[in-house]
Amino acid sequence: MKRKPTADTRGEILAVAEKCFGATGFGGTSINEVAAATRYTKPVLYYHFGSKAGLFNALLEQAHDECFAIVVAATGKSERLDEQLVNILAGLFDFLRDRKDLTRLAFATAFAAPKEVPRALQQDERRKRYFQFMQKLVTAGLKRGELNPAI
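Remember, it's a predicted structure, so these values are computed and weren't measured experimentally.

Draft legend 1. Highlighting the packing of aromatic side chains. As enumerated under the stated definition, the model contains 5 aromatic pairs in all. Here Phe 68 and Phe 133 contribute two aromatic rings whose centre-to-centre distance is 5.5 Å and whose plane-to-plane angle is 75°, an arrangement assigned as edge-to-face. Within this pair, whereas Phe 68 is found in helix α4 (residues 52-75), its partner Phe 133 is found in helix α7 (residues 124-143), the two being separated by 65 residues in sequence. Taken together through their ring pairs, the aromatic side chains of Phe 21, Phe 26 and Phe 56 make up a single cluster. Directly above the ring of Phe 26 sits Lys 52, whose terminal nitrogen or CZ lies 4.3 Å from the centroid. The ring of Phe 68 carries Arg 129 above its face, with NZ or CZ at 4.2 Å from the centroid.

Here it is as C-alpha cells:
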C-alpha cells in the first residue's frame, strides 16, 4: 500500500471517489470499490472520512469550495456587476465542463429522493455562503446604480 502525507492521501482518495461516485452514484458505489481503485485499505478511507457517506460529503464539500473560489476570483476581475456576473458564469461553465462527474453528483444530489443520498449531507453553510456573497454583489450593484430595482 502507498504511504504519503495525509493531505496527499486525502486528495488522491477524493479524486478517485469522484470517478467512482460519478460513474455509479452514491448507492451504486461501494467503499470496497473506492479502496480498490485507490489501492489504499478500507481503514485508511475510514480514517480520513469516517464512512462512505463521509467520503461522499467531503467530495461535495470540495465541489462547493472549488466553485466558491471560482466565483470569488471571477468577481475580482471587474468592478461592474454585469461583468462580474458574466465572469462568474464563464468560470462556473468551465468547471461544469471540466468536472463532469462532480457536476453530475452535485445535480443528482440536489434533486435526489431522500433515500438516494446519505442523510448526513451538510451543505447548508456552503449554500448560505453563496447566497450571502451574491447578495452582497447585487446590493453593491444597486448602490452604484447598476441595477434598476423598479424593473
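Still more to cover.
Draft legend 2. A look at unusual backbone geometry. Residue Arg 39 is not a glycine yet carries a positive backbone phi of 70°. Turning to its location among the elements, Arg 39 is positioned in the loop between α2 (31-38) and α3 (42-49).

What counts and what doesn't
Residues numbered from 1 in each chain as written. Predicted model: local features only at pLDDT ≥ 70, side-chain atom pairs only at ≥ 80, totals over all residues. Heavy atoms only, no water. Phe/Tyr/Trp six-rings, centres within 6.5 Å; stacked < 30°, edge-to-face > 60°. Helix = DSSP H or I, 4+ residues; strand = E, 2+ residues; numbered from the N terminus. Lys NZ or Arg CZ within 6 Å of the ring centre and 35° of its normal.

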